[in-house]
Amino acid sequence: CIKFCAMCACLAPSERPGEGVTRLPQALVLLILLLMDWISIVKLLTPTLLTDTTKETLMLVPMLVGGLVQLRVAMVRLKLRPRWRRACAQRRARQTGAGQDLELGAELAAVGASASAGAGHG
């Protein structure tokens, strides 16, 4: 009952100004938890209906989906995707620059560092 009420609260629009967005990912995770509760109750009430391996499979799949939803929420909140994209682009640029000419890459890095240091003093 508590999970259902919490899920409904997540789907309700926020009362704070500027936060009209519902918390759909949290509601989805709560729905998955309700589904897992239902699977457990079915196993307890009718032990012959579900085998142990079927119950484990039916429990692991929603747990995986819930984990993926929570991972996406965490990545969005921490803004990891743009950071990883920028880090990968920098690494690719370093590798392509270093692959062409190591000495030239080192010279360009030194010139870029001295130019950025000079710009900071101006």
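This is a predicted model, so every value here is computed, not measured. Position numbers for residues start from 1 in each chain and track the written sequence from start to end. In keeping with the model being predicted, local features are shown solely for residues with a pLDDT of at least 70 and side-chain atom pairs are shown and tallied solely at 80 or more, while totals for entire chains, interfaces and linings include all residues. The side-chain quantities take in all heavy atoms of the structure and omit both hydrogens and water.

Given a rise of 1.5 Å per residue, 27 residues ought to cover 39 Å, and the 38 Å separating the end C-alpha atoms of helix H3 (residues 52-78) matches this to within 8%. Partly exposed residues are those whose accessible area sits between 20% and 50% of the maximum for their type, while under 20% is buried and over 50% is exposed, using a 1.4 Å probe and protein chains only. A run of H or I in DSSP counts as a helix once it spans at least four residues, and a run of E counts as a strand once it spans at least two, with each numbered from the N terminus. Every buried residue of H3 is listed here: Met59, Pro62, Gly66, Val69 and Val73. Residue contacts follow a heavy-atom distance rule, with two residues in contact if any of their heavy atoms lie within 4.5 Å. Where H3 is buried, its residues touch helix H2 (24-45). Phi for Lys79, located one or two positions after H3, is positive at around 55°. Helix span is expected to be 1.5 Å times the residue number reduced by one.

As a further point, take the pattern of salt bridges. Any carboxyl oxygen of Asp or Glu that lies within 4 Å of a side-chain nitrogen of Lys or Arg is treated as forming a salt bridge with it. Counting across every chain of the model gives one salt bridge. The salt bridge partner of Asp52 is Lys43, with a shortest N-O separation of 3.3 Å. Accessibility expressed as a relative area gives 14% for Lys43, which makes it buried.

This part covers the packing of H2 against H3. With axes taken as lines fitted to C-alpha atoms, and helix axes fitted only over the stretch in contact, angles between N-to-C directions fall between 0 and 180 degrees. Put simply, H2 and H3 touch, their axes get as near as 10 Å, and they point 170° apart. The angle between H2 and H3 places the two elements in the roughly antiparallel class. Of H3, the residues touching H2 (which contributes Pro25, Gln26, Leu28, Val29, Ile32, Leu35, Met36, Ile39, Ser40 and Lys43) are Asp52, Lys55, Leu58, Met59, Pro62, Met63, Val65, Gly66, Val69, Gln70, Val73 and Arg77. Nonpolar residues are Ala, Val, Leu, Ile, Met, Phe, Trp, Tyr, Cys and Pro. Charged residues are Asp, Glu, Lys and Arg, and all others, Gly as well, are polar. In the contact of H2 with H3, the residues fall into 14 nonpolar, four polar and four charged. Under this scheme an angle from 65 to 115 degrees is roughly perpendicular, one under 35 degrees roughly parallel, and one over 145 degrees roughly antiparallel; angles in between are oblique.

Let's shift gears to a nonpolar patch on the surface. Within the patch definition used here, like charges are joined within 9 Å and nonpolar side chains (Val, Leu, Ile, Met, Phe, Trp, Tyr) within 5 Å, considering only residues with over 30% relative accessible area and no salt bridge. Under the convention used here, a 1.4 Å probe and the Shrake-Rupley method define accessible areas, while residue burial counts only the protein chains that appear. Together, Leu64, Leu68 and Leu71 make up a nonpolar patch on the protein surface, roughly 300 Å² of accessible area in all. With respect to the helices and strands, Leu71 occurs in helix H3.

A few words on the environment of Ile39. Turning to its location among the elements, Ile39 is positioned in helix H2. Overall, Ile39 belongs to the buried group, its relative accessible area being 5%. Expressed as a C-alpha distance, the spacing of Ile39 and Lys55, which sit 16 residues apart in the sequence, is 7.2 Å. Setting aside residues no more than four positions away along its own chain, Ile39 makes contact with Leu50, Lys55, Leu58 and Met59.

As a rule of thumb, soluble globular proteins bury nonpolar side chains together. The term nonpolar core refers to a set of buried residues drawn from Ala, Val, Leu, Ile, Met, Phe, Trp, Tyr and Cys, joined through side-chain atoms within 4.5 Å. Core analysis: the largest hydrophobic core is formed by six residues, namely Ile32, Met36, Ile39, Val42, Leu50 and Met59. In terms of residue count, the dominant contributor to this core is H2 (four residues). Excluding anything up to four places from it in sequence, Leu50 contacts Ile39, Val42, Lys43 and Leu58.

All right, on to the side chain of Lys43 then. Relative to the elements of secondary structure, Lys43 occurs in helix H2. At 3.3 Å, the side chain of Lys43 forms a polar contact with the side chain of Asp52. Here a polar contact is recorded for every N or O atom pair within 3.5 Å, except that within protein the pair must consist of a potential hydrogen donor and a potential acceptor, and residues adjacent in sequence are included only if both atoms are side-chain atoms.

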